[in-house]
Structure formats: C-alpha cells, structure tokens
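# Inside the fold
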Amino acid sequence: MANKNFKQWQVLHYVWDDIDDFKNRWNTLPGIHTIQFGDGESPIDIYVNEHINSSDFKAQPVFFTGAISSRGDKKGPFFSGLGLTNNKKLPLVAIADPSLDDDVSLSLAWYTGGPNDNFTANLLATLSALQESLNRELIFIGGSGGGFAALNVASRFKGDSTALVWNPQTDLYEYAERFVKAYLRSRFNFAFATLGSPDWKQYCKSRTDSKVPTNVLRSQTLTTPRRLIYLQNSADWHRSKHLLPLWSLTTQKELQEGINSLDGNHVVFVSEFAEGHAPPPSSLIASLLEQLMDTAMNVKDLVFQYPNSK
C-alpha cells in the first residue's frame, strides 16, 4: 500500500481478508473498505459514505472515476461522487481503480486490471456482495473513462442495475493516444519501440483483448442494465468515435440530436450539455441521479424534462 494515502479521506479504514470476510462482517459501515483477494490479485478499495444506511432508498449509486487530472505526486486511492451524493444526502459507494495505485505515473486505466489477474471477476463479485447486503438496485455511474467502466460493469452484472454515463469511451484504443500508450506500457509492459511502430494498435489489440476488456462494443451493452441514460455532448469527438459504433451495433435506427430511445428505459441523449468533452453540469447529473433513485422511474419520461441542458 506504499502508493496509497488512506488518511487523506479522513474516514475509518477497514481491511478484509477476502470477499466472504467482507460480505459476512462489513455490516454496512461507512468508511473505506479494502477487500483482499488471492496472491497476485489487486485488492479493491471502496468508499462508503455516511448515508449508506438510509432506509428509504431502493437504489444504490456506485461511482467510477475517470482520468486523474494533473496527477503529479497525488496518491490514491481515488474516489468520485462524494460531493454530489453528500449534497443530496444520497448513499454512496465509490470504487477506486487499483491500477492507478500500482503505477503512480498512470492517470487512467479504465478499471480493466492487468493480463495476469482476475480484476473484472473480483469487481463483479464485490458488487454482487454489496447488492446482497444492501438489497438495492445498483446505479453504475461515470463519465469518460469512468463511463467506460460503468458500461463494462453494467453489461456484465447479473443483478438489477441502472447505468448513468456521460461522454464515455466505448473502445479504449480509440481514446487519446498518449493515455492509451501509457496504459499499455504500464499494464502490459509493451516496449517503446512496439508502441512507436505504425501497426502498434493492431499488434497490441491482438495481445490484450483476450486478457482484459478493452471495449464494450457488443450489441447488448446498452440494453443489459434494466435502465440506462447515456448523455453525449453534441460536439464531442466521442460522438462519432465511441457512441456511433456502439449505437450501430445495437440498432438500425439513425442516431439523432436529442433523445434516442431504444425503449422506455434505455435512452441515449445527444445534446449541447457542455463544450467538447467537458462533463455535463453537475446539477444535471445530480437531478438525474436523484430521480433514478426511484426504481419505478421510467427513463424516457425523466429525460423528456431536459430538452436542452446547456
């Protein structure tokens, strides 16, 4: 834990021997919970806020973090969603990406883990344990790289879930080259010469895609969660590079400006929420999340309240 600073969060820190130890004894205590797995496996750190035991909620927000801006010498674990959920007095579970703790030079790793671990399976087991303990539908939330993680988890999770994402990557190889190459050097130990070759992308994909999830380009990604809201800035290059390929795998409908409904509970909303790749206003995210906490809320009815959010 040399690259971690748990004290920065100013909450109690608990360490659990394995997933069963966590599930049997965590007792929904607020604080940071570190769940250990087998030898060679990365532990998973989760942050749980003080509202976790509020009995009225039937849904549980789970936040994933995007790129860490201006990381410098910042130490993890890195969590998102604290301000938004505390302001609304909503229960929070935030997941840290252990790859960012393993390598202090990384600012983004998409929650994929590495080639020699079982991170995705361990993360899904952790989320299943949380759902079993809390008896709530999980709402997977994130933007950009965190949006990729939320979509990836939501498309694999077996329990009831909702996804709320904005401007996500759907194929990490199609993100900014410097972030992708930094990730490949760190997680897969690719040489600088390999990453400098003209066919670096094809060469690396052939070696990574059997090991970790590098894309969510599957026809069921958008429809596996029970509910989905996908917000996409109109002018963001992610619209053509990331949303459109996924949309085309899902439906033959044309992707249009405004509300694109797959059905009443699965909606892709393209609008001028913000400029370029900037996140939508936090007030919009907070309002959508607050209403999604009602598990009976129909997504299409909800987003019709926001004809233009800029």
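Residues numbered from 1 in each chain as written. Predicted model: local features only at pLDDT ≥ 70, side-chain atom pairs only at ≥ 80, totals over all residues. Heavy atoms only, no water.

Right, let's get into the pairing of strand S10 (residues 266–271). Most of S10 sits inside the fold, with 6 of its 6 residues counted as buried. Here strand S8 (residues 227–233) pairs with S10 via 6 bridges, running parallel. Bridging across to S10, isoleucine 229 finds its partner in valine 267. Hairpin geometry of strand S9 (residues 258–263) and S10 is characterised by an intervening segment of 2 residues between the two adjacent antiparallel strands. (Buried < 20%, exposed > 50% of the residue type's maximum accessible area, 1.4 Å probe, protein only. Helix = DSSP H or I, 4+ residues; strand = E, 2+ residues; numbered from the N terminus. Pairing = 2+ DSSP bridges.)

Our next topic: empty space enclosed by the protein. Taken as a whole and judged by the stated rule, the model has 1 cavity of 30 Å³ or more. Taken as a whole, the largest cavity encloses approximately 30 Å³ of empty space. Taken together, Tyr111, Thr120, Leu123, Ala149, Asn152 and Val153 make up the lining of the largest cavity. For the lining of the largest cavity, the secondary-structure elements that each account for two or more residues are helix H4 (119–134) and helix H5 (145–156). The dominant element in the lining of the largest cavity, judged by the number of residues it contributes, is H5, at 3 residues. Its residues placed into classes, the lining of the largest cavity shows 4 nonpolar, 2 polar and no charged. (1 Å grid on protein atoms, 1.4 Å probe; cavity = no way out; pocket = protein on both sides within 12 Å on 5 of 7 lines; lining within 4 Å. Points joined across faces, edges and corners; volume = space filled by probe spheres on them. Nonpolar A, V, L, I, M, F, W, Y, C, P; charged D, E, K, R; others polar.)

Bringing the layout of surface pockets into the picture now. Volume-wise, the largest pocket comes out at about 380 Å³. Taken together, 20 residues make up the lining of the largest pocket; nearest its centre are Gly142, Gly143, Trp166, Pro279 and Pro280. Looking at the lining of the largest pocket, the elements that each hand over two or more residues are strand S4 (59–64), strand S6 (137–143) and helix H10 (282–292). In terms of residue count, the dominant contributor to the lining of the largest pocket is S6 (3 residues). Here the residues of the lining of the largest pocket sort into 11 nonpolar, 9 polar and no charged.

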